[in-house]
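Notes for the structure review
In case you want the letters, here they are:
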Amino acid sequence: MGVSAGLRKDTRDPGATRNEIFKLSGLGVTYSGKVAVEGVDMSLYENDITAFIGPSGCGKSTVLRCLNRMNDLVPGATVQGTLTYHDVDLYAPEVDPVAVRQRVGMVFQKPNPFPKSIYDNIAFGPRVLGMKGDMDEIVETSLRKAALWDDVKDRLKDNAFGMSGGQQQRLCIARAIATSPDVILMDEPCSALDPISTGKIEELMLELKSQYTIVIVTHNMQQAARVSDRTAFFIVDLSAGESNRIGRLVELNPTEKVFTNPDDSRTEEYVTGKFG
Ligand SMILES: Nc1ncnc2c1ncn2[C@@H]1O[C@H](COP(=O)(O)OP(=O)(O)OP(=O)(O)O)[C@@H](O)[C@H]1O
């Protein structure tokens, strides 16, 4: 099987208990009353890279956006069920979604730097949040963590649009890191990048996971196999008719298991390329 050949071995102690960061129970999302995803139960753990895979429209991005309340910004979107972050109900009325997005950062499919200098891209979030500390230091640390400092240290005042696509995506990762998150969400972060830039982002993810919990949506199963510790496979349930497509979680297991010995036959069919 092609994908399992690229599986990265998880060398961490399998017996070690890791903290549960998110717990989703019966999570569902509707858009303007139409069910998009239903009945998602899952736990996501500290310092894991968890990959969401599955066919188009199964709700991977929708579930990802629930994790930092980005769906609040989508008109007509409503969230059902419960979702806790460090045991706090993320959707409780007293929770400030802006504070959530500071702690749970996000990187999108297309690099989207602000039309500002490299420095100001990183400093923007900390300034808005009124973060204390030496801004030069925050900028340098964030760029170093995103493996970008050596590339840009002599041109911090240059416009970010002058960077290559791969550098821009690493800038967006540095920008997410600058607000001191503990989780980084990545929605197909490499789909607009060439293979070399993709490789750099994947390497970076593996470096960052010692400090952050990462959740990545990817269409690329080899990428899920190369970088993730655990993989969640979603499907589109068509049993209520073609016009009632409902995304459902099929299984969430260690990546090696998902690609070599999954619990569900639908997962096996998908990862071996029989459908999707
Ligand atoms: N902003 C939106 N408004 C209305 N419906 C939406 C919106 N975003 C997603 N949907 C619907 O929700 C369902 C799940 O979409 P979502 O984008 O989460 O799936 P996905 O698995 O990430 O798909 P893809 O792999 O194609 O990006 C789809 O039926 C989609 O049409």
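Residues numbered from 1 in each chain as written. Predicted model: local features only at pLDDT ≥ 70, side-chain atom pairs only at ≥ 80, totals over all residues. Heavy atoms only, no water.

As named in an unreviewed UniProt entry, the chain is Phosphate ABC transporter ATP-binding protein, taken from Paraconexibacter algicola.

Digging into the pattern of salt bridges
Quick reminder of the rule: A side-chain nitrogen of Lys or Arg and a carboxyl oxygen of Asp or Glu constitute a salt bridge if their distance falls within 4 Å. Going along the chain from the N terminus, every DSSP run of H or I of four or more residues is numbered as a helix, and every run of E of two or more is numbered as a strand. The buried label goes to any residue with under 20% of its type's maximum accessible area, the exposed label to any with over 50%, and the partly exposed label to all in between, with areas taken from a 1.4 Å probe on protein chains only.
Counted according to the given criterion, the structure contains 14 salt bridges. Between Arg230 and Asp48 there is a salt bridge, with the nearest N and O atoms lying 3.6 Å from each other. Within this pair, whereas Arg230 is found in strand E9 (residues 230–237), its partner Asp48 is found in the loop between strand E2 (34–45) and strand E3 (49–53), the two being separated by 182 residues in sequence. For the pair shown, Arg230 and Asp48 are each scored as buried. The shortest N-O distance in the salt bridge between Lys153 and Asp150 comes to 3.5 Å. Asp150 gets classed as exposed once you look at its relative accessible area, which sits at 58%. Among the ionic contacts, a cluster of salt bridges with common partners joins Arg18, Asp48 and Arg230.

A look at a nonpolar patch on the surface
This is how it is decided: Patch building starts from residues that exceed 30% relative accessible area and form no salt bridge, then joins like charges within 9 Å and nonpolar side chains (Val, Leu, Ile, Met, Phe, Trp, Tyr) within 5 Å. Computed with the Shrake-Rupley method and a 1.4 Å probe, the accessible areas treat only the protein chains shown as cover for residues.
A cluster of nonpolar side chains, Val98, Phe124, Val128 and Leu129, forms an exposed patch at the surface whose accessible area comes to about 340 Å². Exposure remark for Val128: the relative accessible area of 59% places this residue in the exposed category.

Here we look at the environment of Asp120
Worth spelling out the cut-off: Distance and chemistry together define a polar contact, namely a pair of N or O atoms within 3.5 Å, with one atom able to donate a hydrogen and the other to accept it when in protein, and with adjacent residues in sequence counting only for side-chain atoms on both sides.
Along the polypeptide, Asp120 turns up in helix H4 (residues 118–128). Since its relative accessible area comes to 26%, Asp120 is described here as partly exposed. Separated by 40 residues in the primary sequence, Asp120 and Ala160 place their C-alpha atoms 9.1 Å from one another. Side chain to side chain, Asp120 and Arg127 meet in a polar contact 3.1 Å long.

What to know about the state of the cysteines
Going by this rule: Criterion for a disulfide: a pair of cysteine sulfur atoms at a distance within 2.5 Å.
Taken as a whole and judged by the stated rule, the model has zero disulfides. With no disulfide of its own, Cys66 lies closest to Cys58 among cysteine sulfurs, the gap being 13 Å. Distance from the sulfur of Cys190, which forms no disulfide, to the nearest cysteine sulfur (Cys172) is 12 Å.

With respect to the packing of H4 against helix H7 (residues 165–177)
Short version of the rule: Orientation is described by lines fitted to C-alpha atoms, with helices fitted over the stretch in contact, and by angles between N-to-C directions that extend from 0 to 180 degrees. For classification purposes, an angle smaller than 35 degrees is called roughly parallel, one larger than 145 roughly antiparallel, one from 65 to 115 roughly perpendicular, and anything else oblique. Each crossing gets its handedness from the near helix: less than a right angle anticlockwise from the far helix is left-handed, clockwise is right-handed. For this analysis, residues touch if any pair of their heavy atoms sits within 4.5 Å. All residues other than Ala, Val, Leu, Ile, Met, Phe, Trp, Tyr, Cys, Pro, Asp, Glu, Lys and Arg, Gly among them, are scored as polar; the first ten of these are nonpolar and the last four charged.
Between H4 and H7, the least distance of the axes is 7 Å, while the angle of their chain directions is 30°. Considered as vectors, H4 and H7 are oriented roughly parallel to each other. Handedness of the crossing formed by H4 with H7: right-handed. Contacts between H4 and H7 pair Ile118, Asn121 and Ile122 from the former with Leu171, Ala174 and Arg175 from the latter. Per-class residue counts for the contact of H4 with H7 are four nonpolar, one polar and one charged.

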